[in-house]
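What follows is the residue order along each chain.
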Amino acid sequence: MSHKLSLAAAIVLIVPLTMALNACQSTEQARTNATPPPTYRGPEFLRGTIGSLTSVQGYEPVLVSGYGLVVGLDGTGSADAPPQLRQWMLGEMAKRGFGSFESGYEDESPEEVLARDSTAIVLIEGFIPPGAPSGTRFDLVISTLPETQATSVQGGTLYTADLTVGGRNFTPTSVNALARGNGPVFSSPFADEGQATEDADVLEIDITNERNPAVGRILGGGTSSVNMPLQLVTTRPSYLLTRQIADRINGSFPPSPEDKEPIAVPQSDTVIKINVIEQWKDDPREMLEIITHLDMNPRQDYAKQRAERLVEVLENDEAGEYFDHVVYAFKGMGTPIVDDLRELYEHPNERVRLAALSAASYLRDTRSASPLMELVQGDDPEAAEQAAQLLGGLLEHRPDFSRVGDFLRRQLDHDLPAVRVAAYKALVTVEHPSVQRFGFERKLELAHARAQKPIVHLTQSGVPRIIVFGNRIELAKPLFFSAWGNSFMLRADSDDDQIAVFYQPASGAAIRTTVPNSLVHLIGAMAYEPEPDSETVGLSMGYSEIAYILHRLQDEGLYDAPLMLQETGLNERIIESRGTEDTQDIRPETGGDYREADEEDLTPAILVDPNQPDDAAPQRP
């Protein structure tokens, strides 16, 4: 009996031991066969950040394209088009009401409309911003087709067209549209005759030449039709990790009452959904940058050590490669880091000083105002522009910060045009009395900034806007000016306080009126579209036509102010992205750098040479 008991006891002991050994072997085998987690290859000082543990899907803008119909051209359109595209366009025109009363072409069939030289089929391209909700507006670039005889899009209007990824590579297969585009075309007032260029046996219009009348823009003409999602994808599957990352983000940026969801929502063991909260609705890219530069260690004693390390990075960063990374990391540390940043306001290294001030302005430290003012008045143009923008952020947060408001008012006469524009943008947000705005619906925003040094600024992105810097810019007298074969004329004798205006639109009765001798009043009269019962006379001209008149007046020496045209780089970015358009997803995964050009993003502008030739005028409406 005892022998049997001993044997049973041995079996009881051996079986669990064998199972345990087998489990260990299985675990070891699983570890051996498992794919090792990806190795982080970024800068060492960013190891441990959310960006080092995840990749972002939806970070880049999405290039969408398609084909549409421009109408209202003055003989510069074309009836021809590639047969397949022409047939498709005829079907689209029928679907959109051509030949019906609603289209305004009720007496003409799609074939008759397309046969006119006042219409042209054009290529449409634009970027939907990252994280953009449905209804977001963005700029479009349109260009004529090199296979046709169309020479210019000046003075035209784009009918509503669908846009999608890869729409440029036309196929008759229907696809779901991500956006739609329409609106009046803006052409550079300094356009030359456009030339098609041959590259790799493919004939294309050179859209990078903004003096090309075959290329135009529709400012804010694109409207997204879907919500563009944002996600963080972890480098290894782990429910614990996705929850920890979401908790770290939400703890740093708690939602406001206007937000329906927190900023970060874990959805699986690899995916964290990112919502654009109210704080960043106008700049989701800034939100993503700060999130990905958040360190997973929230301890304040560690943050202080990390700040010291970031300063060392900037001090040794001779190429300026890591400046933006350091700024975003500082911003993510939040207000507890402000005292450490203050110690850097007088740092001998300008890059360190500007990085600290950039983060401090974002964190609303009013003590950053004085050193920022010094940078605005310094010798570095880029630092001066950036400092002016940062001061604008402080003023927007603290409209009663009179010292900053008074300083920015004086910068309306700064030597750098980009600083002057930054000062205007800051002052207009707080409705400073030195600036005024006059709206003409979506057609145009006219602004007047009181300054001693006159300048006229034209936007090429976002809202069509003309900013007139100067107390009162008058036209030289005696005055006689004509454009478009005397369809537009200005007259004034030497002793006249008023300017006589004559305008004969392409359709309708001639318009005669008088305006005070002031460039602001003249622009307002050209843009104003009177109601049927209004006693105020307006010419109802478009932004492109007004820009052309301003250029011609300056070119003939009739007012004394430089004309400044905003640069955006949009056309160049479209060319760069064309090669990858076919492989784009509406949640592209990238780590590239992108700067969205919208109405709030003004790159250093160029001053237009008033002596440039005036070879091609936009057609009058």
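If you're wondering where the values come from, they're calculated on a predicted model, not measured in any experiment.

Procedures and definitions
Residues numbered from 1 in each chain as written. Predicted model: local features only at pLDDT ≥ 70, side-chain atom pairs only at ≥ 80, totals over all residues. Heavy atoms only, no water. Helix = DSSP H or I, 4+ residues; strand = E, 2+ residues; numbered from the N terminus. Contact = heavy atoms within 4.5 Å. Areas by Shrake-Rupley, 256 points an atom, 1.4 Å probe, with all protein chains shown as cover. Buried < 20%, exposed > 50% of the residue type's maximum accessible area, 1.4 Å probe, protein only. Pairing = 2+ DSSP bridges. Expected span 1.5 Å × (residues − 1). Axes fitted to C-alpha atoms, helices over the stretch in contact; angles between N-to-C directions. Phe/Tyr/Trp six-rings, centres within 6.5 Å; stacked < 30°, edge-to-face > 60°. Lys NZ or Arg CZ within 6 Å of the ring centre and 35° of its normal. Parallel < 35°, antiparallel > 145°, perpendicular 65-115°, else oblique. Nonpolar A, V, L, I, M, F, W, Y, C, P; charged D, E, K, R; others polar. pLDDT = per-residue confidence, 0-100.

(A) Seen up close, the overall build of the protein. Counting its secondary structure elements, the protein contains 17 helices and 22 strands. When contacts within the protein are restricted to residue pairs at least 6 apart in sequence, those whose partners lie at least 24 apart make up 66%. Within the structure as shown, the protein displays about 29,600 Å² of accessible surface, and the carbon and sulfur contribution to it stands at 49%.

(B) Spatial organisation of the pairing of strand β3 (residues 120-128). The buried count for β3 comes to nine of nine residues, which makes it a mostly enclosed element. Burial along β3 is two-sided: Ala-120, Val-122, Ile-124, Gly-126 and Ile-128 facing one way and Ile-121, Leu-123, Glu-125 and Phe-127 facing the other are all buried. Where strand β2 (residues 62-71) lies against β3, nine bridges are found, and the strand directions are antiparallel. Residue pairing in the sheet places Val-62 in a bridge with Ile-128 of β3. Examined bridge by bridge, β3 and strand β4 (residues 137-144) share five bridges and lie antiparallel to one another. The partner of Ile-124 across the bridge, within β4, is Ile-142.

(C) Focus on helix α14 (residues 417-429). Along its 13 residues, α14 runs 19 Å from first to last C-alpha, staying within 8% of the 18 Å computed at 1.5 Å per residue. In terms of burial, α14 is a largely internal element, twelve of the 13 residues being buried. For α14, the set of buried residues is Pro-417, Ala-418, Val-419, Arg-420, Val-421, Ala-422, Ala-423, Tyr-424, Lys-425, Ala-426, Leu-427 and Val-428.

(D) Structural detail: the sheet that holds strand β11 (residues 264-266). Strand order in the open sheet made by the four strands is β1-β10-β12-β11, with antiparallel pairing throughout. A single partner strand is all that each edge strand has here, and the edge strands are β1 (54-57) and β11. Averaged over all neighbouring strand pairs, the angle between strand axes comes to 25°, with direction disregarded. Here strand β10 (residues 230-234) pairs with strand β12 (residues 271-274) via four bridges, running antiparallel. Each residue of the ladder has a partner; that of Leu-230, found in β12, is Ile-274. Against the sheet, helix α5 (residues 239-252) engages β1, β10, β11 and β12, with an angle of about 165° to β11. Here helix α6 (residues 284-292) sits on the sheet in contact with β1, β10 and β12, set at roughly 20° to β10.

(E) Structural detail: the packing of aromatic side chains. Counted under the stated rule, the structure contains seven aromatic pairs. Between Phe-45 and Tyr-322, the ring centres sit 5.2 Å apart and the planes meet at 75°, which makes this aromatic pair edge-to-face. Of this pair, Phe-45 sits in the loop between α1 (2-33) and α2 (50-53) while Tyr-322 sits in the loop between α7 (300-316) and α8 (323-333), placing them 277 residues apart in sequence. For Tyr-322, a relative accessible area of 22% corresponds to the partly exposed category. Among the aromatic residues, those joined into a cluster by ring pairs are Phe-481, Trp-484, Phe-488, Tyr-503 and Tyr-548. Over the aromatic face of Phe-401 sits the side chain of Arg-398, whose NZ or CZ is 5.3 Å from the ring centroid.

(F) Examining the packing of helix α12 (residues 381-397) against α14 more closely. The N-to-C vectors of α12 and α14 enclose an angle of 5°; their axes lie 9 Å apart at closest approach. With respect to their mutual orientation, α12 and α14 come out roughly parallel. Contact residues: α12 offers Ala-384, Glu-385, Ala-388, Gln-389, Gly-392, Leu-395 and Glu-396, while α14 offers Ala-418, Val-419, Ala-422, Ala-426, Leu-427 and Thr-429. Broken down by class, the residue content of the contact of α12 with α14 amounts to eight nonpolar, three polar and two charged.

(G) Spatial organisation of the confidence of the model for the protein. Per-residue confidence for the protein gives a mean pLDDT of 83, with 82% of residues at or over 70. Every residue in residues 1-36 scores below 50 in pLDDT, and together they form one contact with partners more than four places removed in sequence or on other chains. The low-confidence segment residues 585-618, where pLDDT is below 50, has 102 contacts with residues more than four positions distant or belonging to other chains.

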